[in-house]
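Summary of the model geometry
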Amino acid sequence: GAEDDDAALFEVPDGAAADERLGNGAHFNGRHDTRRHSLVLEGVLQQRSVPNPSSVLPGLPVMDLPGVVRRLTGDTALALEIAAIVREEAPRLLADLGQHVSDENAELAALAAHSLKGALSNVNARATHVAFRIEQRVRRPDWSAVRALLSELVRELAELDIALASVNSGRNLP
């Protein structure tokens, strides 16, 4: 259930399947029109801005890939594969979330935030905290606050994408 997923937000138990927490399973399914999603996100993000995420989450690294490698008992290749999958899936999951926030659909926004949170937790991403806050906030929606958190999440994911690109190119291996 949801409580089990949240309990493992930052740690996958030893012996668990490496892809168990990837957000592309139960919550994500279907084709996406990335142009349409980009326009939706652009519209949502123009409505509100928030402080720089470094002031909201001070001292946390963008991601902790060495922690992922430790969790996978030293399997660097698997950690890099997981990082590549997260980098590929995060934009689609974010687009889903943006669409549901734009539609002010609390139920689907909560599911989308939960899926994104799960995917991000696979690389111990700082953005996981923001996705969690969105998931909680849409349960009692204050759409202005949700849009502000979505803006923060977009910035966090941009930083994460740079870090993941660096790792996937081999420039910054754990």
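The numbering scheme is per chain: residues are counted from 1 as the chain's sequence reads. Local features in a predicted model are, by the rule used here, given only for residues with pLDDT of at least 70; side-chain atom pairs are given and counted only at 80 or more, and totals for whole chains, interfaces and linings are based on all residues. Side-chain calculation: all heavy atoms of the structure are included, whereas hydrogens and water are not.

**Let's talk about the overall build of the protein chain**
Each helix corresponds to a stretch of at least 4 residues labelled H or I by DSSP, and each strand to a stretch of at least 2 residues labelled E; elements are numbered beginning at the N terminus. For the protein chain, the count of helices and strands is 8 helices and 0 strands. Overall, the protein chain shows an N-to-C arrangement of helices and strands of α-α-α-α-α-α-α-α. When contacts within the protein chain are restricted to residue pairs at least 6 apart in sequence, long-range pairs at least 24 apart make up 76% of them. Using a 1.4 Å probe, accessible areas were evaluated by the Shrake-Rupley method; residue-level cover was limited to the displayed protein chains. Summed over all atoms, the accessible surface of the protein chain reaches about 8800 Å², with 50% contributed by carbon and sulfur. Whether two residues are in contact is decided by their heavy atoms: any pair within 4.5 Å suffices.

**Comments concerning helix H6 (residues 106-121)**
Take the number of residues in a helix, subtract one, and multiply by 1.5 Å to get its expected span. Here H6 spans 22 Å end to end across 16 residues, near enough to the 22 Å set by a 1.5 Å rise per residue. With 12 of 16 residues buried, H6 is to be regarded as a mostly interior element. For H6, the complete set of buried residues consists of Ala109, Ala110, Ala112, Ala113, His114, Ser115, Leu116, Lys117, Gly118, Ala119, Leu120 and Ser121. At the N-terminal end of H6, a side-chain oxygen is found 3.3 Å from the backbone nitrogen of glutamate 107, two or three residues along, and the residue is asparagine 105. For every residue, the accessible area obtained with a 1.4 Å probe (protein chains only) is divided by the maximum for its type, and the residue is called buried under 20%, exposed over 50%, and partly exposed between those limits. Two N or O atoms count as a polar contact when they lie within 3.5 Å, although within protein this holds only if one can serve as hydrogen donor and the other as acceptor, and sequence-adjacent residues are included solely when both atoms are side-chain atoms.

**Focus: the nonpolar core**
Take the buried Ala, Val, Leu, Ile, Met, Phe, Trp, Tyr and Cys residues and link them wherever side-chain atoms come within 4.5 Å; each set so joined is a nonpolar core. In this structure, Leu97, Leu116, Leu120, Val123, Ile134 and Leu153 are the most contacted members of the largest nonpolar core, which totals 38 residues. Among the elements of the structure, helix H4 (65-71), helix H5 (76-102), H6, helix H7 (127-137) and helix H8 (143-168) are those that each provide at least two residues to this core. Element by element, the count of residues in this core is highest for H8, at 10 residues. Look past the residues within four positions of valine 123 in its chain and what remains in contact with it is Met63, Asp64, Leu65, Val68, Ile82, Ala83, Val86, Leu160 and Leu164.

**Describing the environment of phenylalanine 132**
Here phenylalanine 132 is to be found in helix H7. Linking phenylalanine 132 and glycine 118, residues 14 residues apart in sequence, is a C-alpha distance of 9.2 Å.

**So, the side chain of histidine 100**
For histidine 100, the position within the fold is in helix H5. Residue histidine 100 is classed as buried on the basis of its relative accessible area of 17%. If near-sequence neighbours (up to four positions away) are discounted, histidine 100 is found in contact with Asn105, Leu108, Ala109 and Ala112.

**Quick look at the pattern of salt bridges**
Each salt bridge in this description consists of a side-chain nitrogen of Lys or Arg and a carboxyl oxygen of Asp or Glu lying within 4 Å of one another. Across all of its chains, the model carries 11 salt bridges by this definition. For the salt bridge of glutamate 104 with arginine 147, the shortest nitrogen-to-oxygen distance reads 2.7 Å. Taken together, the residues span a long stretch of sequence, with glutamate 104 in the loop between H5 and H6 and arginine 147 in helix H8 at a distance of 43 residues. A salt bridge links glutamate 152 to arginine 133; the shortest N-O distance between them is 3.2 Å. Here glutamate 152 is found in helix H8, whereas its partner arginine 133 is found in helix H7, with 19 residues between them in sequence. Through salt bridges that share partners, Glu88, Glu89 and Arg92 make up one connected network.

**Considerations on the packing of H5 against H6**
As a rule, the C-alpha atoms of each element are fitted with a line to give its axis, helices using only the stretch in contact, and angles between N-to-C directions run from 0 to 180 degrees. In the contact formed by H5 and H6, the axes pass within 8 Å of each other and the chain directions differ by 160 degrees. Comparing their axes, H6 and H5 come out roughly antiparallel. Considering how the two elements wind past one another, H5 and H6 form a crossing that is left-handed. The segment H5 lies against H6, with Val86, Ala90, Leu93, Leu94, Asp96, Leu97, His100 and Val101 engaging Leu108, Ala109, Ala112, Ala113, Ser115, Leu116, Ala119 and Leu120. Residues belonging to the contact of H5 with H6 are distributed by class as follows: 13 nonpolar, 2 polar and 1 charged. When an angle is under 35 degrees it counts as roughly parallel; over 145 it counts as roughly antiparallel; between 65 and 115 it counts as roughly perpendicular; any other value is oblique. Left-handed describes a crossing whose near helix is turned anticlockwise from the far helix by less than a right angle; the clockwise case is right-handed. In the scheme used here, Gly and all other residues not listed as nonpolar or charged are polar, with Ala, Val, Leu, Ile, Met, Phe, Trp, Tyr, Cys and Pro taken as nonpolar and Asp, Glu, Lys and Arg as charged.

**Side note on the confidence of the model for the protein chain**
Predictor confidence is given residue by residue as pLDDT, running from a minimum of 0 to a maximum of 100. Here the protein chain averages 74 in pLDDT, and 63% of its residues register 70 or above. Looking over the protein chain, one finds the lowest element-wise mean pLDDT in helix H1 (residues 2-7), namely 38, and the highest in H6, namely 97. Below pLDDT 50 for its whole length, residues 1-56 participates in 87 contacts with residues either more than four positions away or in separate chains.

**So, H5**
Along its 27 residues, H5 runs 38 Å from first to last C-alpha, staying within 8% of the 39 Å computed at 1.5 Å per residue. The principal kink in H5, of about 35 degrees, is found at glutamate 89, preceding the proline proline 91 by one to four residues. Note on H5: the residue one or two positions beyond its end, glutamate 104, has a positive phi of about 55 degrees. Two axes are fitted around each residue, one to the seven residues ending there and one to the seven starting there, and the angle between them is reported as the bend at that residue.

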